[in-house]
Amino acid sequence: MKRLRVALAQINTTVGDLDGNVRKIIDAIRDATERGVDIVAFPELAITGYPPEDLLLKSSFIKDNMDALNEVKAQTGDIIAIVGFVHRSDDIYNAAAIIHNGEIIDIYHKTHLPNYGVFDEFRYFQTGSRCPLYRMGDIVFGVSICEDIWYPDGPPTIQALYGAEVLININASPYHRRRIIERQRMLSVRASDNAAIICYVNAVGGQDELVFDGGSMVIDESGELLSMARQFEEELLIVDLNLESVFRKRLKDIRRRQAVVGLKGNRVEVIDINRRAGLRSGIPLSSVGLSRVSFLEEEEEIYSALVLGTRDYVEKNGFKGVLIGLSGGIDSSLVATIAVDSLGKERVTGVFMPSPYTSIESREDVQELVKNLNIRLIELNITPIFEAYLDLFSSVFKDLPQDVTEENIQARIRGNLLMALSNKFGLLVLTTGNKSEMSVGYATLYGDMAGGFAVIKDVPKTTVYRLARWRNSRSPVIPERVLIKPPSAELRPSQKDTDTLPPYEILDPVLKAYIEEDRSFDEIVDSGCPEDCVSKVIMMVDRSEYKRRQSPPGIKITPRAFGKDRRFPITNAYRSF
């Protein structure tokens, strides 16, 4: 019986930390070797971390990445390691090295380079042109990189038609909500259509605004999910494959026979590896069971992404801890909870900055939250500072009524105080604005937008409530009143968000249609939204681009986030209604 033991090394790399990434890779190779693995595969660009962006324009970085690969090569014994790196040849390529016994057997170049959404690979890489196969005794497998497998006629399909029974695809596929379900469906179709087993390894970890969610998986030749690694955690997923089932499936596949006939005369290169699959280190194949993991519920999935993205941004950038301005509202309460779940209570400090308009209820809610989270609280009353501002401007603003100017002064005082605390104590300020607010510009530039990382920047307000309720179902930390009271910035008497914005249950669907789906004014109106509401929202979104350009990075959790995903001109005279 043809058997193969494969390990998918779902590791958390850091862009530019070549030494650290190499240590993780070598440790995983040693672990896999001790556990009798035949092939161990690592994520896309595991040596450099993904995405390295304009580091790729530095020749020294390319050289150092090649030197790092040589370190891995020297530590690879009688196991086949598939390692993502940047290959310099006539140009540079997003590549996978196939390594065995201290030698690079071959280098595969990524064929399909994504250049949409957050991806910008045409800016850096040359397109690959080879589609090799690798033969280990009587087992044939193919290697491809990320986007290559999303095309029905991509390299994995060609490799399968020429005899590859196992298709190994290495990835750095960023997270957005329910993305893992899309991947699993696509991989199931590829596996079934090609009558091949697909081993899909994905990166895990946070990198600036991106989160890589792992979820590496093995799909059998019938399209069934055999095994899956956990999301948002490092893991070495080991699976034993029975390749006889691939042969049996292909015996009955008439479509495949006809496709193979059509390929005659266009032979692919077959590279022999002097190794046979089989028992290693005395570990029987049957001892490695299938690691079935069910998909997370949507709220848990999003929350886990926010926790991982926050932790890695703080850790990888060397911050001691974080500061959060606490208002007693839902957004700051959720951000503080995420911060504690990410970093631990000792590294989170809340700052309460009441003004003349801060309610007693808000003070009580802040105190209850701080007690539940067991974090440090600093209180700085901004009323004297606000009054000093009003006195300073009294002659300039004479006879003019108070308006948003005075509201924004309060927000900017708070931003100034937070940044002073950040400077003094070396703590990162987490901003608390959500996607609904950032979309329509319901935020103060240099005020509540001041900070270093925007945890819920891509989380719509209605989703903020869902996440808070889900988190409270695990252990109640966010005060119940915060979940039910009308949201308010409390910058003037009796202020409510609905004084300026449509209710969030109406606003969020309009924003999703306009921002994430690019629907027109007429399409959104036809879906049932009032014309005046849609026109107001679209105008607010378009006019707020200049603010969003100056906001800190935040974690991407929707299919289309602001920033790399959605790139609109600030100076823009086009109107769709």
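Since we're looking at a predicted model, the values are computed, not measured. (Residues numbered from 1 in each chain as written. Predicted model: local features only at pLDDT ≥ 70, side-chain atom pairs only at ≥ 80, totals over all residues. Heavy atoms only, no water.)

**Focus: the packing of aromatic side chains**
Defined as follows: Pairing of aromatic rings covers Phe, Tyr and Trp, the last through its six-membered ring, and needs centres within 6.5 Å; plane angles under 30 degrees mean stacked, over 60 mean edge-to-face, and all others mean tilted. Under the scheme applied here, a residue whose accessible area is under 20% of the maximum for its type counts as buried, over 50% as exposed, and between as partly exposed, the area being computed with a 1.4 Å probe on protein chains only. In DSSP terms, a helix is any run of H or I states spanning at least four residues, a strand is any run of E spanning at least two, and both are numbered starting from the N terminus. Working rule: Lys NZ or Arg CZ, within 6 Å of ring centre, within 35 degrees of ring normal, means a charge sits over the ring.
Counting across every chain of the model gives ten aromatic pairs. Seen from their ring centres, Tyr-134 and Phe-141 are 5.5 Å apart, and the 35° between their planes marks the pair as tilted. Comparing Tyr-134 with Phe-141, the two get one shared label, buried. Here Tyr-303 and Trp-470 contribute two aromatic rings whose centre-to-centre distance is 5.3 Å and whose plane-to-plane angle is 50°, an arrangement assigned as tilted. With a gap of 167 residues between them, Tyr-303 in helix H7 (residues 298–316) and Trp-470 in helix H13 (residues 461–474) connect regions that are remote in the sequence. Neither Tyr-303 nor Trp-470 differs from the other in exposure class; each is buried. One aromatic cluster is present, built from ring pairs that chain together Tyr-389, Phe-393 and Phe-397. In this structure, Arg-376 is placed above the aromatic ring of Phe-425, and the distance from its NZ or CZ to the ring centre is 5.8 Å. Here the guanidinium or amino end of Arg-548 rests over the ring plane of Phe-562, the centre of that ring lying 4.4 Å away.

**As for the environment of Arg-376**
For the record, the criterion: We call two residues contacting when some pair of their heavy atoms lies within 4.5 Å.
One can find Arg-376 in strand S18 (residues 376–379). What makes Arg-376 partly exposed here is its relative accessible area of 46%. Along the sequence, Arg-376 and Lys-345 sit 31 residues apart, while their C-alpha atoms lie 8.2 Å from each other. Among residues more than four places away in sequence, those in contact with Arg-376 are Val-348, Thr-349 and Gly-350.

**Observations concerning the sheet that holds strand S20 (residues 453–454)**
Filter applied, for reference: At least two bridges found by DSSP between two strands are what make those strands a pair. Interaxial angle, 0 to 180 degrees, is taken between N-to-C directions of lines fitted to C-alpha atoms, where a helix line uses only the stretch in contact.
With parallel pairing, five strands are arranged side by side in an open sheet as S18-S17-S16-S19-S20. The open sheet has two edge strands with one neighbour each: S18 and S20. Here strand S17 (residues 348–352) runs beside S18; their pairing, made up of four bridges, is parallel. Counterpart to Phe-352 in the pairing with S18 is Glu-379. Across the face of the sheet, helix H8 (residues 330–343) comes into contact with strand S16 (322–326), S17 and strand S19 (428–431) while running at roughly 160° to S16.

**Re the nonpolar core**
The nonpolar side chains of a soluble globular protein tend to be buried, and buried together. Stated precisely, the cut-off is as follows: Nonpolar cores were defined as sets of buried Ala, Val, Leu, Ile, Met, Phe, Trp, Tyr and Cys residues, with membership established by side-chain atoms within 4.5 Å.
With 47 residues, the main nonpolar core has Leu-306, Val-322, Ile-324, Leu-430 and Ile-456 as its most contacted residues. Breaking this core down by element, the ones donating at least two residues are H7, S16, H8, S17, helix H9 (360–373), S19, H13 and helix H14 (480–484). Not counting chain neighbours up to four residues away, the residues in contact with Leu-306 comprise Ile-338, Ser-342, Val-455, Ile-456, Val-459, Leu-467, Ile-555 and Ile-557. In this structure, Val-37, Leu-56, Val-72 and Ile-238 belong to the second largest nonpolar core, which totals 44 residues.

**Side note on the sheet that holds strand S13 (residues 225–228)**
In sheet architecture, strand pairing relies on hydrogen bonds along the backbone and comes in two forms, parallel and antiparallel. Read across the sheet, seven strands follow the order S13-S12-S9-S8-S7-S6-S15 without closing on themselves; strand pairing throughout is mixed. One side of each edge strand has no neighbouring strand; the edge strands of this open sheet are S13 and strand S15 (270–272). On average, adjacent strands in this sheet sit at an angle of 20° to one another, irrespective of strand direction. By the bridge criterion, five bridges tie strand S7 (residues 139–145) to strand S8 (residues 166–171) in an arrangement that is parallel. Looking across to S8, one finds that Val-143 is bridged to Ile-168. Each of S8, strand S9 (197–202), strand S12 (217–219) and S13 touches helix H4 (residues 179–194); the most contacted strand, S12, lies at about 35° to it.

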